[in-house]
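Read off the chains here:
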Amino acid sequence: MAATQKRKLEDLSVDEFFLSGFESDEETSKLKHKKDSISIPKKGHVWQATATQHKEQLSRLKSKDPEFYKFLQENDEKLLNFDETESSEDEDEKKYHILPSKLEDASSDDEEEEDEGQKGSKKSKKAAETIKVTEKMIEEWKSALKREPKPLVFKEVTQAFKAAAVATTMGEAGGPCRYKVADSSVFNALVLFCIKDMHVILQRLLNLRMDKDQKKLVLPSSSSKWHRNLLDIKMYLSGVVQLLSSLTEATVISAVLQHANRIIPFYLCLPKQCRHLIKELIKQWSTGEETCRVLAFLALNKICRHKQEANLNPVLKQMYIAYVKNCKFTSPNVLPMINFMQRTLTEMYALDTRATYQQAFIYIRQLAIHLRNAMTMKKKETYQSVYNWQYIHCLYLWCRVLSTLHPSDVLQPLIYPLCQVIIGTVKLVPTARYYPLRMHCCRALTLLSGSTNTFVPVLPFLLEIFQQVDFNKKPGRISKKPINFAVILKLNKVNLMEKAYKDGLIDQLYDLILEYFHTQANSIGFPELALPTIIQLKAFLKECKVANYSKPVRQLLEKVQENSSHITEQRQRAAFGVADSAAVVAWEKQIKGEGTPLSRYYSQWKKLREKEIQLEISGKERMEDLDLPVIKRKKLEEKKAEDKKEFKDLFQSDSDSDEEGAGLKFKGEKSNPANNDDDEEEEGGDDDDGLEDSSDMNDEEEIDEDDSDDGDDEEGEGKASKTPQPLSSSDLIKLAEGDKDVIEDLELSDDD
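Here we look at the overall build of the protein chain
Tallying secondary structure elements over the protein chain gives 34 helices and 2 strands in all. When burial is assessed residue by residue, the protein chain has 35% of its 752 residues classed as buried. Across the protein chain, every contact between residues at least 6 apart in sequence was considered, and the portion connecting residues at least 24 apart equals 72%. Of the roughly 48,000 Å² of accessible surface on the protein chain, 51% is carried by carbon and sulfur atoms.

Considering the packing of aromatic side chains
A complete count under the given rule lists 16 aromatic pairs for this structure. Here phenylalanine 161 and tyrosine 236 contribute two aromatic rings whose centre-to-centre distance is 4.9 Å and whose plane-to-plane angle is 40°, an arrangement assigned as tilted. Of the two residues, phenylalanine 161 is situated in helix H8 (residues 151-169) and tyrosine 236 in helix H10 (residues 230-246); the sequence distance between them amounts to 75 residues. Using a relative accessible area of 3% as the deciding quantity, one classes phenylalanine 161 as buried. According to the relative accessible area criterion, tyrosine 236 is buried, its value standing at 1%.

Examining helix H17 (residues 353-377)
Here H17 contains 25 residues, and its C-alpha end-to-end distance of 35 Å stays within 8% of the 36 Å for a straight helix at 1.5 Å per residue. Residues Ala355, Thr356, Gln359, Ala360, Tyr363, Ile364, Leu367, Leu371 and Ala374 constitute the buried set of H17. For H17, the secondary structure elements touched by its buried residues are helix H15 (308-325), helix H16 (335-349), helix H18 (380-386), helix H19 (389-404) and helix H20 (415-428). Backbone nitrogen of arginine 354 and a side-chain oxygen of the N-cap are separated by 3.3 Å at the start of H17; the cap is aspartate 352. After H17 finishes, the residue lysine 378 shows a positive phi value of roughly 55°.

Let's talk about the side chain of glutamine 273
Tracing the chain through its elements places glutamine 273 in helix H13 (residues 271-287). Discounting residues that sit within four places of it in the chain, glutamine 273 has contacts with Lys234, Leu237, Ser238, Val241 and Tyr267.

Some words on the nonpolar core
Grouped together as the largest cluster of nonpolar side chains are 165 residues, with contacts concentrated most on Trp285, Trp398, Phe466 and Leu505. Not counting residues up to four positions away in its chain, the partners in contact with leucine 505 are Tyr435, Met439, Ile465, Val469, Phe471 and Phe485.

Regarding the pattern of salt bridges
Following the criterion strictly, the structure yields 6 salt bridges and no others. Here glutamate 139 and lysine 142 are joined by a salt bridge, their closest N and O atoms 3.9 Å apart. Of this pair, glutamate 139 and lysine 142 are both found in helix H7 (residues 135-147), 3 residues apart, which corresponds to roughly one turn of the helix. Here glutamate 139 falls in the partly exposed class, since its relative accessible area comes to 48%. Note that aspartate 503 and lysine 499 form a salt bridge whose closest N and O atoms lie 3.1 Å from each other. With a gap of 4 residues between them, aspartate 503 and lysine 499 both fall in helix H24 (residues 499-519), about one helical turn apart.

Brief notes about the state of the cysteines
With the rule as written, the count across this model stands at 0 disulfides. Of all cysteine sulfurs, the one in cysteine 419 lies closest to cysteine 399, which takes part in no disulfide; the gap is 6.7 Å.

What about the side chain of glutamine 520?
Looking at where glutamine 520 falls in the secondary structure, it is placed in the loop between H24 and helix H25 (526-543). Accessibility expressed as a relative area gives 13% for glutamine 520, which makes it buried. Excluding anything up to four places from it in sequence, glutamine 520 contacts Ser449, Phe526 and Leu529.

Things to note about the confidence of the model for the protein chain
Predicted confidence across the protein chain gives a mean pLDDT of 76, with 65% of residues reaching 70 or more. The low-confidence segment residues 1-5, where pLDDT is below 50, has 1 contact with residues more than four positions distant or belonging to other chains. Below a pLDDT of 50 lies the segment residues 84-95, which in the model reaches 11 contacts outside its immediate sequence neighbourhood of four places, other chains included.

Things to note about H25
With 18 residues, H25 extends 26 Å between its outermost C-alpha atoms, agreeing within 8% with the 26 Å of an ideal straight helix rising 1.5 Å per residue. Of all bends in H25, the biggest is about 30°, found at proline 532. Within H25, the full set of buried residues consists of Phe526, Pro527, Leu529, Ala530, Thr533, Ile534, Gln536, Leu537, Phe540 and Leu541.

A word on unusual backbone geometry
Between histidine 406 and proline 407 the backbone carries a cis peptide bond, its omega angle lying at 0°. With respect to the helices and strands, the residue proline 407 is situated in the loop between H19 and H20. The phi angle at lysine 378 is positive, at roughly 55°, despite the residue not being glycine. Looking at where lysine 378 falls in the secondary structure, it is placed in the loop between H17 and H18.

A closer look at the packing of H15 against H16
Contact pair H15 / H16: the axes reach a minimum separation of 11 Å and the direction vectors enclose 165°. Classed by the angle they form, the pair H15 and H16 counts as roughly antiparallel. The element H15 and its partner H16 pack so that their crossing is left-handed. Residues Leu312, Val315, Leu316, Met319, Tyr320 and Tyr323 of H15 touch H16, and the partners they reach there are Ile338, Met341, Gln342, Leu345, Met348 and Tyr349. Split by residue class, the contact of H15 with H16 holds 11 nonpolar, 1 polar and no charged.

Describing the environment of isoleucine 278
Along the chain, the position of isoleucine 278 falls in helix H13. For isoleucine 278, a relative accessible area of 5% corresponds to the buried category. Remark: the alpha-carbon pair of isoleucine 278 and glutamine 318, spanning 40 residues in sequence, is separated by 9.2 Å. Leave out the neighbours within four places in its chain, and isoleucine 278 touches Leu300, Ile303, Asn311, Val315 and Gln318.

Quick word on the environment of threonine 568
Structurally, the position occupied by threonine 568 is in helix H26 (residues 547-572). Distance from threonine 568 to proline 527, taken between C-alpha atoms, is 6.9 Å for residues 41 residues apart in sequence.

Some words on the packing of H7 against H8
The N-to-C vectors of H7 and H8 enclose an angle of 140°; their axes lie 10 Å apart at closest approach. Relative to H8, H7 is oriented oblique. When you trace H7 past H8, the crossing you get is left-handed. Here H7 contributes Trp141, Ala144 and Leu145 to the contact with H8, which in turn contributes Val153, Phe154, Glu156, Val157 and Ala160. Counted by class, the contact of H7 with H8 contains 7 nonpolar, no polar and 1 charged residues.

The rules behind each value
Residues numbered from 1 in each chain as written. Predicted model: local features only at pLDDT ≥ 70, side-chain atom pairs only at ≥ 80, totals over all residues. Heavy atoms only, no water. Helix = DSSP H or I, 4+ residues; strand = E, 2+ residues; numbered from the N terminus. Buried < 20%, exposed > 50% of the residue type's maximum accessible area, 1.4 Å probe, protein only. Contact = heavy atoms within 4.5 Å. Areas by Shrake-Rupley, 256 points an atom, 1.4 Å probe, with all protein chains shown as cover. Phe/Tyr/Trp six-rings, centres within 6.5 Å; stacked < 30°, edge-to-face > 60°. Expected span 1.5 Å × (residues − 1). Polar contact = N/O pair within 3.5 Å; in protein donor to acceptor, adjacent residues only side chain to side chain. Core = buried A, V, L, I, M, F, W, Y, C linked by side-chain atoms within 4.5 Å. Salt bridge = Lys/Arg side-chain N within 4 Å of Asp/Glu carboxyl O. Disulfide = S-S within 2.5 Å. pLDDT = per-residue confidence, 0-100. Bend = angle between axes of the 7 residues up to and from the residue. Axes fitted to C-alpha atoms, helices over the stretch in contact; angles between N-to-C directions. Parallel < 35°, antiparallel > 145°, perpendicular 65-115°, else oblique. Left-handed = near helix turned anticlockwise from the far one by under 90°. Nonpolar A, V, L, I, M, F, W, Y, C, P; charged D, E, K, R; others polar.

As structure tokens, this is what we get:
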């Protein structure tokens, strides 16, 4: 029946087609049951459901499909709570116009825009009408917060502190603030109040109880009042960071850093503010004054210790980058700061050896890539990427990290590649000009070898210098100051000619060989290790004829031979074999505890050497306290005046003769008389390197030239005088006797 009664497509309406056009016979039978409950409008008719019918359908829906009814209750209650009055019961009611409850006007949109404009103007007026902070207000806030901290008072203080922080950075263009800090005394009082008392006020406001003996940090977010005061705390912490970034006075910065160190638990609860604080702390750690650096490091260490997983890796990376940026230039004043950054960064790496291994592997590999490019390309630019202070300080940093954290199974595999990179750096350009850089690399290898009990062949790079440099050759020029090898990487051609170069080279070789042998002084194989060095030093002493160079080398040779014989005697008494490594380690520990001749000498020498290094770093010379005599040289004009006074009776002081004598040429002078003054002051006034080279070549030649100049002066004056007057016999006798000789102390001028 259903198939026969099926209607054709042309007789179906659009709605009927969508409902039953593609249905099967079973589905069409189901649709008939639905048509009983829902009437489908036919073509040309509009179906109008009344409110009562709608309610009946919803009530039936509750029994038929309870899940869908529950969904409507949760998401669309207005549909279920349908009001009968909202829709008309008859179709005729739609014929009549129903007045709206509120008339619409065409200008309503314009009025809304005007209202918004008025609101904006009110806001701007409020922003303009800021409250000026006074010292009386600060005292009232202070007393109120000390009695009982309340959120409203705390909010006012944080807004005032924000205004003070904005005033330091942006001035009047710092954005709308409720308060305004215009007076410097008010600013100082407000900042001082917050730095001193705000830490205690925050704890009382949140009811935090901190036990002195409690090692675990109590986070403020555990307080029940944390969310209520969260916005104000955020504002205050951001203000502290903003204030820290704008200050320049070291004492004020150190006070703010101490305050930031106390409120670090609050920063740990807010990641965004904590990131901003870390950025400022790293800036102070790398570029600030000494006290500020220490306080910033303590704060960074505290942040990383208490939230290691979230903060340690990014902090270590940022600190390493800041370290590399700030060790580009090295001077006696900057060197202590670089050493401080090395030690503190090593302490940070000690917090987690696994994170340290990841970063050390990446950065040591980066150094190796730079070295490989320099070795393969062999260009000036690639050489400069290796032979610079940043590269050398990075090598020394990783040597210090691996030495300090030893023994560590995690970091042990990095020792060999780091040694290979340093040895490759030494061999890259093995010329005399880069001997200072070689000294730095050997010192880093000595540190790494002694701390990790790893044999590194350092001595060949040092003993090679004795063969390459001719210490018997006389220096080409005499320098005034010694060369500080601690703050240079490369020597120029003029330095290689100076006497100070060879003096400093002997000192550096003595220091480095002694330090390396000290690290191996208790080794059971010390005699075999020292044998090539002993042979090389003996050969040097046979060839060297300069006592100042042979004396320290002979002393070093004696100490090495003494320690070698001591180890040999102790080794002969041992009852174990070479293959027994455990017995060898125990024997070396025993020898180290008893002490060796070389280690005892090294401890005494180290104290004296540290004092000398401190003097060099402070810019003082080693012999500054000695009162050396000074030779005072007189200028030509003074000599002429004295000669005229002494021989005024012998020659006539004629104006014509003076003019003729003034035009005479002296030995070594040019024909231009205007250059006389320049030649007289040549020794002390030139800053150019080339001029310094010519002025310092040989002092004896200058003295001989001055003597010859004096003889020429006398001859010139004798020729210039035309009419000498005869003297009596008594005058000649007095003139022959002359004045008594005056003995004066020999003095050396600064020009010499």
